[in-house]
Amino acid sequence: MGRRVLVVGAGTGGSIIANLLARRPGVEVTVASRDATHLYQPGLLYVPFGWVSPDRLVRPQRPLLHPRVRFLHGAVHEVDPVRRVARLADGEIGVDVLVLATGARLAPEEVPGLDDAHHFYSPDAAVRLREALARFEGGHIVVGVAGVPYKCPPAPLEFALLLEWELRRTGRRRRTRITYVSPLPRAFPIESVADVVEPILSARGIELVTFFNVEQVDPARKVVASLEGEEIPYDLLVLIPPHRGAAPVSVDGIADRGGWIRTDRETLQVAGYEDVYAIGDATDLPVSKSGSAAHYQARAVAARIAGANPGRDVRYTGKVMCFLETGERRATLLRFDYQHPPRPAAPNPVAFALKRLFNRVYWALVPTGRV
Amino acid sequence: MTTSPSAPPGETWTVDATVGTCGPFWDLLRVMDLSKPGDIIDLRCRQVEEVMRYAYLLVRAAGGELVRLEVEDGVARLVIRKVR
């Protein structure tokens, strides 16, 4: 009998690691996922503008997995990291190695009044925002985040820039004021990226409000309020809800109060448990929560579990690579790790073309583990 | 607003932000979000200049109080009390 590995969750990280391990001799891989489909989340950015339909962003999960992967469709209700046992609705699975790739969930209930805000972090919400934007004739649009951390740090900023571009293209820009709110001292967490983006915000007439920690939304008065009591009126509010770890309830002992799994920054082992790993959005790692980070983490953990060179101490270096799209058919590439902050070039058409190409080739290359 | 002297002692959150990709304030806000009034956050990071420039404003805006800020061997240490 081979080494038995259970991957809980089949997003980008879970799919990649399952497919990489399935190609290794002597490994039996099972994936358990509450979803029978796989969502390409970065594509949700385009849904509010009608540039892509949500059904183009979803595919059945099973064909994305190697034939040697056993796929179980069903929620994992409980994980015992000591015995390395997971409990599903119809029984338990005991394995030699457990990989938790359980992702993050949105927690809008943590901000009073947030129901009045739109976002694009789920297909349904993105469609509702698309409908609201189609009806929008002018006024004040406020864009921002309602908590840290959140998935894909560039996305809210990209949305603001694409929104400004789209309003210009559709003749509504002159009737619209756009404000971007950030709890940080700048528009983007990383200084070198903010240095590139903030002049663009300024040139496009997007107002930037920093140190704004959203406390509540008052739908009756149409104002969003900060912890310090500052209020900003809006006609259309786009706020990314707070995020929380989505790990099964019974792993509370290995997660912090936010549900983020305590994970070693380099080995990606769950703190205190041998042969239990966590990857992707589910972790408390000090990196962006993105498919790119999950991608590199999955490769590192796969090598640790069943690499070509057994015993080699493969470690995750904090590597992330992603694009930041700025509208006007331009984007910039962000590459960084724990030791090296990004040094983004000025947004350009080549990076834009690469980003759009990546959106197309994702299905063939990424979850399958081919890159 | 400050914590009452009779309030029960809070939890202490130790945050090593000397390694990371999103900057120390990302880690700080994440922990501020999870902590409760009365909790103490003890954070270390290497972005000394950034911390000296923004820490006071950022901590206040996030519902905290900067109790101590010191720099030693190129590492900044922030001790923060969550107040609301």
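Residues numbered from 1 in each chain as written. Chains lettered and ligands numbered in written order. Predicted model: local features only at pLDDT ≥ 70, side-chain atom pairs only at ≥ 80, totals over all residues.

Our focus in this paragraph is the overall build of chain A. When you go through chain A residue by residue, the secondary structure sums to six helices and 21 strands. Relative to its length of 371 residues, chain A is compact, with a C-alpha radius of gyration of 21 Å against a globular reference of 21 Å. Across its three principal directions, the C-alpha atoms of chain A cover 70 × 40 × 40 Å. Sorting the 371 residues of chain A into buried and exposed places 48% on the buried side. Considering only contacts within chain A whose residues lie at least 6 apart along the sequence, 63% involve residues at least 24 apart. (Helix = DSSP H or I, 4+ residues; strand = E, 2+ residues; numbered from the N terminus. Rg over C-alpha atoms; globule rule 2.2 N^0.38 Å. Buried ≥ 20, exposed ≤ 12 C-beta atoms within 10 Å, placed from the backbone. Contact = placed C-beta atoms within 7 Å.)

Right, let's get into helix H2 (residues 123-135) of chain A. All names here are of chain A. Along its 13 residues, H2 runs 19 Å from first to last C-alpha, staying within 8% of the 18 Å computed at 1.5 Å per residue. For H2, the full list of buried residues reads Ala125, Ala126, Leu129 and Leu133. Viewed along the axis of H2, the buried residues span an arc of 100°, placing them on a single side of the element. For H2, the exposed residues set more than 90 degrees away from the buried face come down to Asp124, Glu131, Ala134 and Arg135. Buried residues belonging to H2 abut strand S17 (236-240). (Expected span 1.5 Å × (residues − 1). Arc of directions from axis to C-beta.)

Facing 21 residues of chain B, the contacting portion of chain A comprises 26 residues. Of all the secondary-structure elements, those providing two or more residues to the side of chain B that touches chain A are helix H1 (24-34) and helix H2 (48-61) of chain B. Among the elements that line the side of chain B that touches chain A, the one with the most residues is H1 of chain B, at seven residues. Across the side of chain B that touches chain A, the residue classes break down as twelve nonpolar, four polar and five charged. (Nonpolar A, V, L, I, M, F, W, Y, C, P; charged D, E, K, R; others polar.)

What follows deals with the nonpolar core. All names here are of chain A. Judged by nonpolar contacts, the single largest core of 135 residues is most densely connected at Ile17, Val99 and Leu100. Element by element, the count of residues in this core is highest for helix H5 (residues 291-306), at nine residues. Setting aside its immediate chain neighbours within four residues, valine 99 contacts Val5, Val7, Val8, Ile17, Tyr277, Ile279 and Val301. (Core = buried A, V, L, I, M, F, W, Y, C linked by C-beta atoms within 7 Å.)

Residue and element names in this part refer to chain A. The strand order across the open sheet formed by three strands is S6-S7-S8, and the pairing between neighbours is antiparallel. Edge strands, defined here as strands with exactly one partner in the open sheet, are strand S6 (76-80) and strand S8 (91-94). On average, each strand axis in the sheet is tilted by 20° relative to the strand beside it, whichever way the strands run. Here S6 runs beside strand S7 (residues 85-88); their pairing, made up of four bridges, is antiparallel. Following the sheet pairing, aspartate 80 is matched in S7 by valine 85. (Pairing = 2+ DSSP bridges. Axes fitted to C-alpha atoms, helices over the stretch in contact; angles between N-to-C directions.)

Below, the discussion takes up the sheet that holds strand S19 (residues 276-278) of chain A. Residue and element names in this part refer to chain A. Read across the open sheet, the five strands follow the order S5-S2-S1-S9-S19; overall the sheet is parallel. With partners counted over all chains shown, the strands left at the sheet margins are strand S5 (70-73) and S19, one partner each. Strand-to-strand twist of the sheet, defined as the mean angle between neighbouring strand axes without regard to direction, takes the value 20°. Pairing between strand S2 (residues 27-33) and S5: four bridges, direction parallel.

Here the focus is the pairing of strand S14 (residues 214-218) of chain A. Consecutive residues of a regular strand have side chains that alternate between opposite faces of the sheet. Residue and element names in this part refer to chain A. Sheet topology places S14 next to strand S15 (residues 223-226); four bridges connect them, and they run antiparallel. Residue pairing across strands places valine 217 opposite valine 224, the latter belonging to S15. Between the end of S14 and the start of S15, which pair antiparallel, lie four residues, with lysine 222 showing a positive phi angle near 55°.

All names here are of chain B. For chain B, the average pLDDT comes to 89, and 89% of its residues sit at 70 or higher. In this model, residues 1-7 is a region of pLDDT below 50 whose contacts with residues beyond four sequence positions or in other chains number nine contacts. Interface scoring of the predicted complex returns ipTM 0.88; its pTM is 0.95. (pLDDT = per-residue confidence, 0-100.)

With that settled, the discussion passes to the pairing of S8 of chain A. All names here are of chain A. Relative to S8, S7 is paired through four bridges, and the arrangement is antiparallel. Within S8, the residue paired with leucine 88 across the bridge is glycine 91. Counting the residues in the hairpin turn of S7 and S8 gives two residues.

This part takes up the environment of valine 95 of chain A. Residues and elements named next belong to chain A. With respect to the element layout, valine 95 can be found in the loop between S8 and strand S9 (97-100). When the 20 C-beta atoms within 10 Å are taken as the criterion, valine 95 is described as buried. In this structure the C-alpha to C-alpha distance between valine 95 and glutamate 207, which are 112 residues apart in sequence, comes to 53 Å. Those residues within four positions of valine 95 in sequence are excluded, and the remaining contacts are Arg4, Val5, Leu6 and Arg84.

Proline 149 of chain A follows valine 148 of chain A through a cis peptide bond whose omega is 5°. Tracing the backbone through its elements, the reader meets proline 149 of chain A in the loop between strand S11 (139-145) and helix H3 (154-169). Even without being glycine, phenylalanine 211 of chain A reaches a positive phi, approximately 55°. Summarising the element assignment, phenylalanine 211 of chain A is placed in the loop between strand S13 (206-209) and S14. Residue phenylalanine 211 of chain A is classed as buried on the basis of its C-beta count, with 21 C-beta atoms lying within 10 Å. A positive phi is found at aspartate 73 of chain B, a non-glycine position, where the angle reads about 50°.

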